[in-house]
Amino acid sequence: MQELTFETILRLPQMELKKALKAELKNRGYPVTDKPGYLYAEGTMPVLLVAHMDTVHRRPVEQICYSEDRAVAMSPQGIGGDDRCGVWMILQILRAAKCHVLFCEDEEIGCIGAKNFTRGNLQPRVNYIVELDRHGSNDAVFYSCDNPEFEDFITSFGFETADGSCSDISYIAPYLETAAVNISCGYYCEHQRYEYIRLEEMKLNANRVAQMVTQPTGHFEYCERQNCFSGREGYQFSMWDTLRERDSYKWLSSLPKDVKVKLGTAELTIPYAKIDQRGNIYRYIPELDAGVLTEHTIAVLPNGKKAIYNPKCAKCYKVIPLTRALEILNAI
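Residues numbered from 1 in each chain as written. Predicted model: local features only at pLDDT ≥ 70, side-chain atom pairs only at ≥ 80, totals over all residues. Heavy atoms only, no water.

**What to know about the packing of helix α2 (residues 14-27) against helix α3 (residues 81-93)**
This is how it is decided: To define axes, lines are fitted to C-alpha atoms, for helices over the stretch in contact only, and angles between the resulting N-to-C directions are given on a 0 to 180 degree scale. Secondary structure elements follow DSSP: runs of H or I no shorter than four residues count as helices, runs of E no shorter than two count as strands, and numbering proceeds from the N terminus. An angle counts as roughly parallel when it lies under 35 degrees, as roughly antiparallel when it exceeds 145, as roughly perpendicular when it falls between 65 and 115, and as oblique in every other case. Residues are treated as being in contact if the distance between any of their heavy atoms lies within 4.5 Å. Residues are grouped as follows: nonpolar covers Ala, Val, Leu, Ile, Met, Phe, Trp, Tyr, Cys and Pro; charged covers Asp, Glu, Lys and Arg; every other residue, Gly included, is treated as polar.
The interhelical angle for the contact between α2 and α3, taken along N-to-C directions, is 5°, at an axis separation of 13 Å. It follows from the interaxial angle that α2 and α3 lie roughly parallel. Where α2 abuts α3, its residues Gln14, Leu17, Leu21 and Glu24 lie against Arg84, Val87 and Leu91. Of the residues contributing to the contact of α2 with α3, the split by class is 4 nonpolar, 1 polar and 2 charged.

**Section: the sheet that holds strand β12 (residues 196-198)**
Put simply, the test is: By definition, two strands form a pair when at least two bridges between them are found by DSSP.
Pairing in this open sheet of 4 strands is antiparallel, and the strands run β4-β5-β12-β11 from one edge to the other. Edge strands, defined here as strands with exactly one partner in the open sheet, are β4 (65-66) and β11 (187-188). In the packing of helix α7 (residues 199-213) onto the sheet, the strands contacted are β4, β5 (72-74), β11 and β12, and the crossing angle to β12 comes to about 55°.

**Thoughts on the side chain of Ser75**
The following threshold applies: Type-normalised accessible area, obtained with a 1.4 Å probe on protein chains alone, sets the label of each residue: buried when under 20%, exposed when over 50%, and partly exposed for intermediate values. Polar contacts, as counted here, are pairs of nitrogen or oxygen atoms within 3.5 Å of one another; within protein the pair requires one atom able to donate a hydrogen and one able to accept it, and residues that are adjacent in sequence qualify only if both atoms are side-chain atoms.
Locating Ser75 in the fold gives a position in the loop between β5 and α3. Relative accessible area serves as the criterion here: at 4%, Ser75 is assigned to the buried category. Engagement of the side chain of Ser75 in a polar contact is seen with the backbone oxygen of Gln63, the distance being 2.8 Å. Those residues in contact with Ser75, other than ones at most four positions away along the chain, are Val61, Gln63 and Arg193.

**Concerning the packing of aromatic side chains**
Test applied: A pair of Phe, Tyr and Trp rings is counted when the ring centres sit within 6.5 Å of each other, with Trp represented by its six-membered ring. The angle between the planes then sorts it: under 30 degrees is stacked, over 60 is edge-to-face, the rest tilted. Only when the NZ of Lys or the CZ of Arg is both within 6 Å of the ring centre and within 35 degrees of the ring normal is a charge said to sit over the ring.
Counted under the stated rule, the structure contains 14 aromatic pairs. Residues Tyr128 and Phe220 carry aromatic rings whose centres are separated by 6.0 Å and whose planes lie at 65° to one another, so their mutual orientation is edge-to-face. Highlighted residues: Tyr128 in strand β7 (residues 128-134) and Phe220 in the loop between α7 and β13 (248-254), separated in sequence by 92 residues. Just as Tyr128 is buried, Phe220 falls in that class too. Grouping aromatic residues by their ring pairs yields a cluster made of Tyr128, Phe142, Phe150, Phe153, Phe157 and Phe220. Here the basic side chain of Lys98 rests over the ring of Tyr30, its NZ or CZ set 4.9 Å away from the ring centre.

Right, here's the structure in full:
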């Protein structure tokens, strides 16, 4: 059997990776269910780990390049850390805990494998679900799941709550009626050929989740967030418009005209400024009919207090990454 090193996981096309994972799980003593769209392995610990096997890149990875200190990996073909990092992390976590496992196909084109899973007859009884499919180093994304007790449990391991649009757990969590979270995997600039992976962050989070899943808990129920688009229905219209960037939708309210937007001690002029529920500031761009996050900024009222989100005048806006906004504007 081909050794499933991290480089092997990066290089294999989706269906070859599925065969290799099936063999690997069987070799580890797992009973495996292989169905169109997904690979499921029944564990003995009541936690379900989820990752997807596809990437957005059309060409398989041939050349893997490392930084001089071998801390960062990239590829001219697109490294595919989204979500091969998650696949590798699950295999590492299984060394510490025999969790249930679900590897999904075709997440990047609409969570096809996850949807297939919810149409089958498999319903593992687990206390919670952890997906490994998020950029960055420290994010915990809960989507439409609103269970404060579960969020407190996850963030007690040092992760910080962040926003996201949709992933496989948006369908799996309500189907299993079980709370779920998506955790950072150390990849950056996903859906771009210049995507890169910070290897130590990936390894660190694999270890953090391994520690997490070994802690005894009760069942965390999936509770649908109110006044929010649901993972199974409402988010369908916000599925990524391209295979290169995920667009999302957020409720934003306009800022008063006399508000000052500050970046450190500097004051910025941001036309059509908006604010979300967490106080993040966005610049609405009429040409794109979308908002772009302005990082590390705050909005301050004339009285010195921070401006806050106003739900009474909020509207739902498309929010796109800065890199994608620049690409579109340059093409206009």
